[in-house]
Amino acid sequence: MGCGHKDDKANLASSQIVSFSHQPHQPHSTPASKEVWKKGGRMFSILLAVHLALLACTLVSSGAFEKIAVHDYDVFFLLTVMMLIVIVWIIFYLAGTSRCPGAILCRDSHAGPIWLRGGLILFAIFSLVMDVFKIGYYSSFYSCLSAIKIIYPIVQAIFVVVQTYFLWLSAKDCVHVHLNVTRCGLMLTLTTNLAVWMSAVTDESVHKAHSKLKKNVTEDIFRWLLKAGMRSSSAEECNCNSQICQIFKNGYFWLYPFNIEYSLFASAMVYVMWKNVGRLIDHHSHHIHRLKFRLFRRTFFVGIMLGLIILVSGLGVLVLYEVQVNSSTESSKKTQALTMYYIFNIVCLGLMSLVCIGGSVIYRFDKRDMDRHKNPTRTLDVALLMGAALGQYAISYYSIVAIVASTPRDAISALNLTYALLMIAQHTFQNIFIIEGLHRQPPKEDHKRDSHQKDLYGLTFVNINAVSLRVPDSASTLAPSTAPGAEGIRPAELGRSLTAPRKMNWRRKFLREISMFLLLSNIILWIMPAFGARPQFDNDTELNFYGDSMWPAIVDICLPFGIFYRMHAVASLLEVYIMS
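Residues numbered from 1 in each chain as written. Predicted model: local features only at pLDDT ≥ 70, side-chain atom pairs only at ≥ 80, totals over all residues. Heavy atoms only, no water.

Named according to an unreviewed UniProt entry, the protein is OTOP2 protein originating from Oreotrochilus melanogaster. Taken from UniProt, the Subcellular location (unreviewed entry) comment for the protein reads in full: "Cell membrane". In its Sequence similarities (unreviewed entry) section, UniProt records this for the protein: "Belongs to the otopetrin family." (UniProt positions renumbered as here; feature names shortened; annotations may be inferred.)

What follows is the structure in structure tokens.
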């Protein structure tokens, strides 16, 4: 279909025959016009998404300050309307578009892998629990709140359920009907998820700032500062004195990281669906690799055991950090907690950097071919890895400048400098390792060996000594039923082939160990900042250098990207593990 356009023009020029009935360019006019309109439809949906994203970003950022006449319930009203529109479109897609004749001619096997959809369901469950906590918290004093504060978590819970069901069923679809409506609907869904993500990140950052400020000042001064310029949630003005109210309040703030990751995971899957709208997949070049996930087979358990040690140790460090920094006002305990945190991260990041370098060296000896086929999912994975790493790069470089330019240098500053440098190195080496793994072809020797042994296993219950597998002298006398893989195999070799276990290449074993170690290490490096261990707010070097307003703003903007990077790296490493 349209692949020979240039060849037709060349043949026409060489023969110089003008035939009105032939017209080589005419068969390609229809695909060309469709391609132009495809780009036009994409551009219209992108413009719609950009305008909605800018509107949501403006409201969310404006609602973060008390002096601006934009309240949090204004933001919730916009998000509620957007989620309701998305719910209506998803129902239309599932009930109408996907059931039209010829709607889904093909499916992208790379889009929406099972581990990504499983992670989406896990985050969706925690998001639903967060919505339940929100409803319980706001219902405790509904008489002094706007109704939208209670309606919003209810609509969000419905949105999470409907969207998760939609992505589980339709993540691989390549739609060929209602193209413009589908593109606009998917872009609206993408923008809604990003708007919910921005609102959650802002609420969490404001809550962290209020908690830190409330710990250092009295209650009267805290309320005065809220009125002076900081954002105060309308719930702050109501009394939450009951124990159940405090449980709901603390619970839904602890569950915010899961809701943040859910919005980003859903956005990535929706973007791949948007790229696949109107796409025709060439089944000759689009290889479908059915790989089985074997977690506890064909490994030395070194990567798993070392990763579990890092994970458990990190959880212990997180608990001690929370107790000594957030629950104590003594400077000595704060210094001990920061020292322990930096030492653990330096050791973890150093090991991860060395392991990534080793994995990249092993790839130099890997004989597998590079996968150069068109794959929107892999393109998005690489773009998200490179883009999300910029957030942690920015924080690290700001820290390096502040530490080097500051005159008083102590042990904490030295540890902080080492931590920042290793963070940059680890992100760089890990990106190289993951990108190389994603672009490798799956191993083929297992398939060949499986088919070879399958032919031989048919002779398991045959007397081997009575079977002659000698190759005939004449090729014409070879029976058609003779298995090609069984030519020239003697009975002794057949017995060894039947009893010998399948061996895995040593390179693949090491790559699997490396992938599993990095996966578990990235999980703990996601958990620690997501659940409160943020030394950027507790170390005085950056605060004194950049000021109390600039440095928290830098961290609030960049840290969510760094947290998302860790979780996306976990999903990518799981794919690398399975592909090895």
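Draft legend 1. Representation of the pattern of salt bridges. Following the criterion strictly, the structure yields 2 salt bridges and no others. A salt bridge links Asp173 to Arg107, with the shortest nitrogen-to-oxygen separation between them at 2.5 Å. On the criterion of sequence distance, the pair formed by Asp173 in strand β2 (residues 173-175) and Arg107 in strand β1 (residues 104-107) is long-range, its members being 66 residues apart. The partner of Arg364 in a salt bridge is Glu436, and the shortest N-O contact between them spans 2.7 Å. (Salt bridge = Lys/Arg side-chain N within 4 Å of Asp/Glu carboxyl O. Helix = DSSP H or I, 4+ residues; strand = E, 2+ residues; numbered from the N terminus.)

Draft legend 2. Just a nonpolar patch on the surface, in detail. Taken together, the side chains of Ile114, Ile121, Ile125, Val129, Tyr165, Trp168 and Leu169 define a hydrophobic patch exposed on the protein surface, amounting to about 610 Å² of accessible area. Of all the secondary-structure elements, those providing two or more residues to the nonpolar patch are α4 (114-139) and α5 (148-170). With 4 residues, α4 is the largest single contributor of residues to the nonpolar patch. For Val129, the location among the structural elements is in helix α4. (Patch = residues over 30% accessible without salt bridge, like charges linked within 9 Å, V, L, I, M, F, W, Y side chains within 5 Å. Areas by Shrake-Rupley, 256 points an atom, 1.4 Å probe, with all protein chains shown as cover.)

Draft legend 3. Broad picture of the packing of α5 against helix α9 (residues 256-276). At a minimum axis distance of 11 Å, the contact between α5 and α9 shows a crossing angle of 40 degrees. When the axes of α5 and α9 are compared, the pair comes out oblique. Both α5 and α9 take part in a crossing whose hand is left-handed. Across the interface between the two elements, Gln156, Val160, Gln163, Thr164, Phe166, Leu167 and Ser170 of α5 pack against Asn259, Tyr262, Ala266, Met269, Val270 and Met273 of α9. A breakdown of the residues in the contact of α5 with α9 according to their chemical character gives 8 nonpolar, 5 polar and no charged. (Axes fitted to C-alpha atoms, helices over the stretch in contact; angles between N-to-C directions. Parallel < 35°, antiparallel > 145°, perpendicular 65-115°, else oblique. Left-handed = near helix turned anticlockwise from the far one by under 90°. Contact = heavy atoms within 4.5 Å. Nonpolar A, V, L, I, M, F, W, Y, C, P; charged D, E, K, R; others polar.)

Draft legend 4. Just the side chain of Asp203, in detail. Locating Asp203 in the fold gives a position in helix α6 (residues 179-216). Taking relative accessible area as the criterion, Asp203 reaches 12% and is therefore assigned buried. Side chain to side chain, Asp203 and Tyr256 meet in a polar contact 3.3 Å long. (Buried < 20%, exposed > 50% of the residue type's maximum accessible area, 1.4 Å probe, protein only. Polar contact = N/O pair within 3.5 Å; in protein donor to acceptor, adjacent residues only side chain to side chain.)

Draft legend 5. View of the environment of Ser580. With respect to the helices and strands, the residue Ser580 is situated in the segment after α19 (550-579). Judged by its relative accessible area of 3%, Ser580 is buried. Along the sequence, Ser580 and Lys509 sit 71 residues apart, while their C-alpha atoms lie 7.9 Å from each other.

Draft legend 6. Looking closely at the packing of aromatic side chains. Within this structure, the stated rule accounts for 29 aromatic pairs. Here Phe123 and Phe258 contribute two aromatic rings whose centre-to-centre distance is 6.2 Å and whose plane-to-plane angle is 40 degrees, an arrangement assigned as tilted. Note that Phe123 is positioned in helix α4 and Phe258 in helix α9, a separation of 135 residues in sequence. Judged by relative accessible area, Phe123 falls into the buried class, the value being 5%. Between the aromatic rings of Tyr341 and Tyr342, the centroid separation amounts to 5.9 Å while the plane-to-plane angle is 75 degrees, which identifies the pairing as edge-to-face. Overall, the relative accessible area of 1% leaves Tyr342 in the buried class. Among the aromatic residues, those joined into a ring-pair cluster are Phe123, Phe126, Trp254, Phe258, Phe265, Trp526 and Phe531. Here Arg42 stacks its cationic end above the ring of Trp274, 5.4 Å away from the centre of that ring. When the ring centre of Tyr577 is taken as reference, the NZ or CZ atom of Arg512 above it lies at 4.4 Å. (Phe/Tyr/Trp six-rings, centres within 6.5 Å; stacked < 30°, edge-to-face > 60°. Lys NZ or Arg CZ within 6 Å of the ring centre and 35° of its normal.)

Draft legend 7. Representation of the state of the cysteines within the structure. Summed over the entire model, instances satisfying the criterion amount to 0 disulfides. With no disulfide of its own, Cys174 has Cys106 as its nearest cysteine by sulfur position, at a separation of 4.1 Å. For Cys174, a relative accessible area of 0% puts it in the buried group. (Disulfide = S-S within 2.5 Å.)

Draft legend 8. Seen up close, the confidence of the model for the protein. Of the residues in the protein, 72% have a pLDDT of 70 or more, and the chain-wide mean is 76. Element-level mean pLDDT values for the protein span from 39 in helix α1 (residues 5-15) up to 93 in α5. (pLDDT = per-residue confidence, 0-100.)

Draft legend 9. Here's a closer look at the nonpolar core. Grouped together as the largest cluster of nonpolar side chains are 132 residues, with contacts concentrated most on Phe433 and Trp526. Here the element with the most residues in this core is α19; it accounts for 16 residues. Two domains each provide a minimum of three residues to this core, namely domain 1 (39-223 + 240-281) and domain 2 (299-442 + 505-579). Discounting residues that sit within four places of it in the chain, Trp526 has contacts with Phe123, Pro257, Phe258, Glu261, Phe531, Ile563, Arg566 and Met567. (Core = buried A, V, L, I, M, F, W, Y, C linked by side-chain atoms within 4.5 Å. Domains from an automatic or database assignment.)

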